[in-house]
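Structural characterization, general
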Amino acid sequence: MTVGVCYFPEHWPRQRWERDIEQMAEAGLEYVRMAEFSWGRIEPERGQFDFEWLDEAIELIGDHGMEVILCTPTATPPKWLVDERPEILQEDPDGTVREFGSRRHYCFNSPAYREETERIVTRMAERYADNPHVAGWQTDNEYGCHETVRCYCADCSNAFSEWLADRHGDVDALNEAWGTTFWSQQYPDFEAVEPPGPTPAEHHPSRLLAYYRFASDSVVEYNRLQTEILREINDDWLVTHNFMGHFSTLDAYDVAGDLDLVSWDSYPTGFVQDRREAEATVEELRAGDPDQVGLNHDIYRGALEQPFWVMEQQPGDVNWPPHAPQPADGAMRLWAHHAVAHGGDAVLYFRWRRCRQGQEQYHAGLRKQDGSPDRGYADASTAAEELFDLGPVDAPVALLHSYENLWATNIQPHAPEFDYWTHAGTYYRALRRRGVQVDVVPPERDLDGYAAVVAPTLYLLDDALATRLEAYVEDGGQLLIGARSGEKDPYNKLPDALQPGPLAGLVGATVAQHESLPEQVPTRVGYGGDEYEYRTWAEWLDADDATVQGRHRSGPADGQAAVVDAERGRGRVTYCGVWPGRELADALVGDLLERAGVTTHAPLPDGVRIAERDGHVWVTNFTDAPVSVDVPGGAAWIVGHERVGAYD
Amino acid sequence: MTVGVCYFPEHWPRQRWERDIEQMAEAGLEYVRMAEFSWGRIEPERGQFDFEWLDEAIELIGDHGMEVILCTPTATPPKWLVDERPEILQEDPDGTVREFGSRRHYCFNSPAYREETERIVTRMAERYADNPHVAGWQTDNEYGCHETVRCYCADCSNAFSEWLADRHGDVDALNEAWGTTFWSQQYPDFEAVEPPGPTPAEHHPSRLLAYYRFASDSVVEYNRLQTEILREINDDWLVTHNFMGHFSTLDAYDVAGDLDLVSWDSYPTGFVQDRREAEATVEELRAGDPDQVGLNHDIYRGALEQPFWVMEQQPGDVNWPPHAPQPADGAMRLWAHHAVAHGGDAVLYFRWRRCRQGQEQYHAGLRKQDGSPDRGYADASTAAEELFDLGPVDAPVALLHSYENLWATNIQPHAPEFDYWTHAGTYYRALRRRGVQVDVVPPERDLDGYAAVVAPTLYLLDDALATRLEAYVEDGGQLLIGARSGEKDPYNKLPDALQPGPLAGLVGATVAQHESLPEQVPTRVGYGGDEYEYRTWAEWLDADDATVQGRHRSGPADGQAAVVDAERGRGRVTYCGVWPGRELADALVGDLLERAGVTTHAPLPDGVRIAERDGHVWVTNFTDAPVSVDVPGGAAWIVGHERVGAYD
Amino acid sequence: MTVGVCYFPEHWPRQRWERDIEQMAEAGLEYVRMAEFSWGRIEPERGQFDFEWLDEAIELIGDHGMEVILCTPTATPPKWLVDERPEILQEDPDGTVREFGSRRHYCFNSPAYREETERIVTRMAERYADNPHVAGWQTDNEYGCHETVRCYCADCSNAFSEWLADRHGDVDALNEAWGTTFWSQQYPDFEAVEPPGPTPAEHHPSRLLAYYRFASDSVVEYNRLQTEILREINDDWLVTHNFMGHFSTLDAYDVAGDLDLVSWDSYPTGFVQDRREAEATVEELRAGDPDQVGLNHDIYRGALEQPFWVMEQQPGDVNWPPHAPQPADGAMRLWAHHAVAHGGDAVLYFRWRRCRQGQEQYHAGLRKQDGSPDRGYADASTAAEELFDLGPVDAPVALLHSYENLWATNIQPHAPEFDYWTHAGTYYRALRRRGVQVDVVPPERDLDGYAAVVAPTLYLLDDALATRLEAYVEDGGQLLIGARSGEKDPYNKLPDALQPGPLAGLVGATVAQHESLPEQVPTRVGYGGDEYEYRTWAEWLDADDATVQGRHRSGPADGQAAVVDAERGRGRVTYCGVWPGRELADALVGDLLERAGVTTHAPLPDGVRIAERDGHVWVTNFTDAPVSVDVPGGAAWIVGHERVGAYD
Ligand SMILES: [Mg+2]
Ligand SMILES: [Mg+2]
Ligand SMILES: [Mg+2]
Ligand SMILES: [Zn+2]
Ligand SMILES: [Zn+2]
Ligand SMILES: [Zn+2]
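Summarised in this report is the structure supplied together with it. Once a new chain begins, its residue numbering starts again from 1 and follows that chain's sequence as written. Here chains are named by letter from A upward and ligands by number from 1 upward, in the order in which they appear as written. Under the rules for a predicted model, residues below a pLDDT of 70 receive no local features and side-chain atom pairs below 80 are neither given nor counted, while totals for whole chains, interfaces and linings still include all residues. Excluding hydrogens and water, the side-chain values take into account all heavy atoms of the structure.

The next thing to look at is the coordination of the magnesium ion (ligand 3). Residue and element names in this part refer to chain C. Only N, O and S atoms count as donors, using a 2.8 Å cut-off from the metal and 3.2 Å for Na, K and Ca, and because water is excluded some sites may appear unfinished. Summarising the metal site, the magnesium ion (ligand 3) is bound by the protein donors Ser 157 (O), Ser 157 (OG) and Ser 161 (OG), whose distances to it range over 2.3 to 2.7 Å. With Ser 157 and Ser 161 both in helix α6 (residues 154-168), this residue pair falls 4 residues apart, about one helical turn. Just as Ser 157 is buried, Ser 161 falls in that class too. Every helix listed is a DSSP run of H or I at least four residues long, and every strand listed is a run of E at least two residues long, numbered separately from the N terminus. Burial here depends on accessible area, computed with a 1.4 Å probe over protein chains only, as a share of the maximum for the residue type. Under 20% is buried, over 50% is exposed, and the range in between is partly exposed.

Encoded structure:
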């Protein structure tokens, strides 16, 4: 377990570097990430390279006993390159070019840019092939940030047609798979299928889903181009990429397949402001939401089923959310412990020093712009001191998460409030409220060994997945499936069979009706002797071969089945046909965990979370008041924002 | 009175058709509408026609004793055609092309598309010229849906110039009629007048109104191209088009002039969500608003002053509004009766079966995607059984509605809340609350025979219309005129005379001031001894030759006249210079009906409406509770959502 | 002090002019402004001029003893010119052309349009060179209205590159000054720097600020082209331009340098609706906000430190705000007195007569469209009668206002609510609540002679300005500096030193942290024994050489310094590190004025303001109830909307 920092020596005078790097070492930092936006500095004109400044910075870092993570600088092609090869720029759906002047302005499918990428990555990797201080590489930076996964340029149009041809072979197969008879949308050939531009009415959902898949695959392919070069030059390097939080357009699991290590960038007080339905509370503005952050920790840990890194950890106030409140005292230390508890092996703060120029001047660092320590510096030093080595997290429960389901439900949410993340988060939060560790993994993952599995929604479904889930339950698994499962086939068409399609046999019920409801409609559902609220989504179930555990108690649905379960072999499956409110989610998840024999805690208060890793238990308190929680071992609580409890 | 359905045999395997059609017949359906999006199936490549599937479907339907309404398939030109003649695509004001991938992507003024239209309509009509099962045709589908009446392409620019040249003859006449001296907007020739593109400030209101008129006329002309071909080939066919609800960019009265029958598409629980100012109540989410639907019934009945069809009747939950609540039990039957009470002669449910592909998978049918009956199926069967033949509606009151007034007030609403439909709806609702049938007709219509006429606003006014209204009143008519009448001349300019311009003589008053007010400003007006609220719009009247019946009681308007009336000949005219709140509208309309000797009911509760047709009275209950209402004859009420009361 | 009107003879038949002009003279009007949109009338085809109508109108006005302000007609290039030279049109950032059809569609940097401007201005000025009735000229009309200061066309791109080359000489100097190493934004040459177009992420703040400066300078240069022609032809003419209220994209101080007289266009009941954070109260909808209007009076008086004109005074209801309430009785007279109290020398009502054509038909005039008097006519006559000649305003306090600070804080507000105008208005309102006259001047202005100076924010700061402020205080000045001062250097980069940068020595403190907070976060700060609320922005101060006068009492800031002050030489400086709520602003400003020995009134109620000019005191009451206020001399109050109190 270690702590590090992101550093931009190119932003500061050479004479300052030694003092900076000395202070990093003093703070106990072990890793320094560099160079992710340095192309313009490394190659100020085509073919004129200047690596000496970077050589020197690496040398200094090595001299102080720290290691370097280098980045390929492809997120920011310089102006001379854009002027020379303007076709590398991305385009909006209406053809507007995404111009130079910020970052991520290149197209993943541009042959020209792939050529330039190969050139700069090779050159840079060769430069540091034998450098003993370079531990590894981050490819590019935050793929897809600023809505750049999906591009609509001519190169993308060609690549999309090729991608479709590879998948379908024959255009009639595509027409059949998508169902293009609807509204006379038949395609005469693959070239005729373009990225989805501006149309009078909404797009064909099968075309949109294909385009979203294609766009994500384009990033995977582009990243692989980089990882292959790096591995060829030095295959001892750790190769990683820094993903983002609650990021929706890129399949991180797919990209992760080409990495040695998954890392991500964690900004708790920003996330509660800009990627969550509920308005942030005052406490959350100060420390974030442990479940929102935790879900991302668990996705990225789940990606390779191994410890992850936080490649960028919020160091103080940041520039990009609507507001920039100062984090609570100690929050920067709390976040490091919280990450480690969820399986993080390293936490690198972003950035060393507040930047004097450009778009991120309002982003704090561990040091202020004049070099003096900022609020995060002491927190980072403390965390560096407190952390020790640990084995991996061993989670008893898996939560199934799929980017394709996210895309497909976003294409047809059928209610403005139907947000994939919020719906999945309802189940995740209920699990974490009981102090249970959760692997967040794709549905294709091997589920053997999980005592329980929660699938908030399995929207797109084929027989193969249904069969695997059946086997899991038959073998003794405890499975909880949420609403909208089995609505669609993998091409985003309705199957012949009623929902949940291929899962109907396992679940023992079909969906007679579904409806979506605005907030003003009162909703009630009975379950286990109590009545609960639900929200947004309701299904009315016909239970052919299952026990009705819950019934609707409101609206035209009154009396219809809403929750059913069934024993299958040595296991049991529950299907919940509504988006449960918090209390119903607690009840469903509590019953599941009990059935599965998973050790749980009494439901924890908001903001307080328990997590076990390698025999140690973390209790993290994201609230502004001390709390008392009964933990295994009955340890006494220290008043304060968090407690790193290490009791065996 | 009959019931039918919309069917897409091309979406289903051939072997399923017989079962589907058999079930239609079993349900008592009599009409099947088909083929409106079938061009890609009928002509998969240029000149390669495949009509056999459609021949067969028609044959099967005929075999089961039902009749077919065919549609010209022009709403969805296929991809091969778009690729061959891309100039047929529409353009946004900023030149963005409305691309292939949904529907309605063609321009009404495209010479290329008119050529293709002629080709496909002729070919298809000839194919079925002698088919005994084809009762008639629907031209295209929902002209203008997805904001497609107004296009901004080069073909439209040329056509607009020609249309203007036809109207004005000389460009100086246009400059004079519009008043282009303002801001130096003089046009040197007709070619210089383009569709209104992006400009720094708002457009000239006369230019906008001309463009809106032109765009609507373009659809009329395009539709006429189709109706003429159809009539030439077989003039026994019923020719119709399916209009939409609360639709604002197309003058339905003008299109109707070329039709034998007017039909429209009714989606009650969608309309309360997406085309009404007030938020939908829970009851309205389940059954819709009878007055919102009724106003449209009455517009389309009024268009040709003969019974209309509901060509698409909501069959259950639908895909396009924000939310998709399940309709109340029985709602699909209620809507059929409500349509018939308002003068509908046929109700066709849309669609037979939930579609497995494309954009409308979330739209219910009478049957589910697996072929089993959905909630609407029983309702449709019951309605088919209950309905019987009736004569036309004989309405004692006319409400004057004009698309040109709608366009002109939308161009200069002078308050964000001034919505033409909502304002007109205030008067319509007050009439329907008294159980009175209302013809909603254009101001040009002959008003003889109406006991009373309500004109919510006569914004654009010329002497001819003023003269006709004078004659109506002189001859004993009872006329109620609402605010903003006579503000403009037909070119959307202020007349020399103060408002109500040419109506000042009839009304006996002029408008001294008008003002628009946000909601937070309290408003009061006295009328008939009581005080009432009004909203959004206030005029201060100078009554030269009229009796002041109401005065302002708030703000700087305090004491000014707000409602005046005057006897003229054997009739009487009332002018109301405010947008009345519900209670004031009730009072004004109540007084009008009393004066006119129209039989009324005591004001009905919300959601409950009475309508008489051909000696039968319908009482429809759109609420979720039984109601008791005193009806003529004093019949007892059956508890339930609605009662079809047949007492002589 | 005089009253006038804006007149458009070209909109009315010739035979009506004499009556109109006679009525103007009867009302006591002295100035008539004309011709600002008349190009199409003056030159209907290239080279074919028709000035006779204007000659005649001027003659008639002169005959009635009034004088004419003519306008250059460049705000509305006619259609024939646009068709001939379409390159004069402006472009949006994405390349969309701002087309013909409204006004202000030309680009300030278009060489073609500058040529046409020179041609028409010369021609027109020569025509009236010796006309005795023409007192002066208004250049163009409302530069920049409808967001037209910033254009993104090719001409602007070239001009921007040249402007940058002039400023920086060498592109490396630009790269250094902006800090383009960040995100590899180095420019290879000046041609590579384009107007800021659509980019994936936000723009470099130094590039944006440069573009905003350049765009404002382009208007200055364009205006100078006109003023030089006018002066060359007759240098006795008064040359002015009519600015707008709370206008943010043009540096009015810079334009004013080329004028003899500054004028502006005042629409009190519009401004409270469309350019203020707080929702308008009912009273404000009727009469406006005296401080919002007053701030603009004081900016335009401050621009040349001499009396200003109101070139357009709201005459009644207007067309462009969301709502158009009727002004209160007497409001049109109140506004004239209020303007004069703030240093206005003339008030011209806009317009003479409600226009029958084009975009402004819903805009009242002093007369209605039929020529009869409208509500403003009597008010204007009364004002004309009551007003008498006065010397200039002598303000004891300066408030420092800078368009560059406005632009830079808008580029990085760091909170959606951080609005420069609202923040500055907090301090301005506190000053006006004490009845003190305020010069609103740029920070570069000589401050000698001001008893006190308030700088709401000095965001961009260099050593020179810091030195001048130090000298002001050392010499006995009383200075109050608000939050966010000294955050940036003049190129919008963070300086090395902590905030307030070059002001740290004067202030005696640095900013340890800053944060921005949404409304739901409770805030408290102690000052002078009381506790107050603040909003949106908080700094935590380290007071090295200053006395802490206020401390935070909420959040993680609790206990940190928030307000400090220090004696320097014979003066004193206070720094307030929060955006004060109304009460804290009152306390800070009250203490400042007391220290400075400025005579003040007890805090005035909202809507009531006192202003002294040339020995006379105006008490203006913008509320709907009579008020009693203790004024110097203890005069009794007349009940009503306002009182023009003249007591020595
Ligand atoms: Mg393609
Ligand atoms: Mg044209
Ligand atoms: Mg340039
Ligand atoms: Zn691309
Ligand atoms: Zn067109
Ligand atoms: Zn330009």
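Structure shown, so let's carry the discussion forward.
Turning our eyes to something else, we now look at the coordination of the magnesium ion (ligand 2). Donor atoms from the polypeptide that bind the magnesium ion (ligand 2) are Ser 157 of chain B (O), Ser 157 of chain B (OG) and Ser 161 of chain B (OG), placed at 2.3 to 2.7 Å. The buried category is assigned to Ser 157 of chain B, whose relative accessible area is 16%.

With that settled, the discussion passes to the relation of the copies chain B and chain C. What sets the superposition is a least-squares fit of C-alpha atoms, and only residues with pLDDT of at least 70 in both copies go into it. When chain B is fitted to chain C, the best match, at an RMSD of 0.0 Å, comes from turning it 120° and sliding it 0.0 Å along the axis. In symmetry terms, the pair is related by a three-fold rotation axis. The position closest to the rotation axis in chain B is occupied by the C-alpha of Thr 96 of chain B, lying 5.7 Å away.

Moving on, we get to the interface of chain C and chain A. In what follows, residue pairs with any heavy atoms lying within 4.5 Å of each other are defined as contacts. Each partner contributes to the interface: chain C provides 54 residues, whereas chain A provides 53 residues. Both faces combined, the contact of chain C with chain A buries some 4,500 Å², and carbon together with sulfur accounts for 54% of it. The term salt bridge refers to a pairing of a side-chain nitrogen on Lys or Arg with a carboxyl oxygen on Asp or Glu at a separation within 4 Å. For the interface between chain C and chain A, the tally reads 2 salt bridges. Close ionic contact of Glu 515 of chain C with Arg 286 of chain A constitutes a salt bridge, the shortest N to O distance being 2.7 Å. Where the side of chain C that touches chain A is concerned, the elements lending two or more residues are α8 (205-233), β13 (509-516) and β16 (534-543) of chain C. Looking at the side of chain C that touches chain A, the element that brings in the most residues is β13 of chain C, giving 5 residues. Here the residues of the side of chain C that touches chain A are counted per class, giving 25 nonpolar, 18 polar and 11 charged. Note: buried area is the sum, over both parts, of the accessible area (probe 1.4 Å) each one loses when the two are combined. All residues other than Ala, Val, Leu, Ile, Met, Phe, Trp, Tyr, Cys, Pro, Asp, Glu, Lys and Arg, Gly among them, are scored as polar; the first ten of these are nonpolar and the last four charged.

Moving on to the environment of Arg 354 of chain A. All names here are of chain A. Among the secondary structure elements, Arg 354 is positioned in the loop between β8 (344-349) and α14 (375-386). By relative accessible area, Arg 354 is classed as buried at 6%. Reaching out from Arg 354, the side chain makes a polar contact with the backbone oxygen of Gln 361 at a distance of 3.3 Å. We call two N or O atoms a polar contact when they sit within 3.5 Å, provided that within protein one can donate a hydrogen and the other can accept it, with sequence-adjacent residues counted only if both atoms are side-chain atoms.

The amide bond that connects Phe 350 of chain A to the next residue, Arg 351 of chain A, takes the cis arrangement and shows omega of 0°. Although it is not a glycine, Ser 184 of chain A sits at a positive phi angle of roughly 50°. Looking at the element boundaries, Ser 184 of chain A is found in the loop between α7 (171-178) and α8 (205-233). Taking relative accessible area as the criterion, Ser 184 of chain A reaches 1% and is therefore assigned buried. We note that Asn 492 of chain C has phi near 70°; this positive angle belongs to a residue other than glycine. In this structure, Asn 492 of chain C sits in the loop between β12 (478-481) and α18 (504-507).

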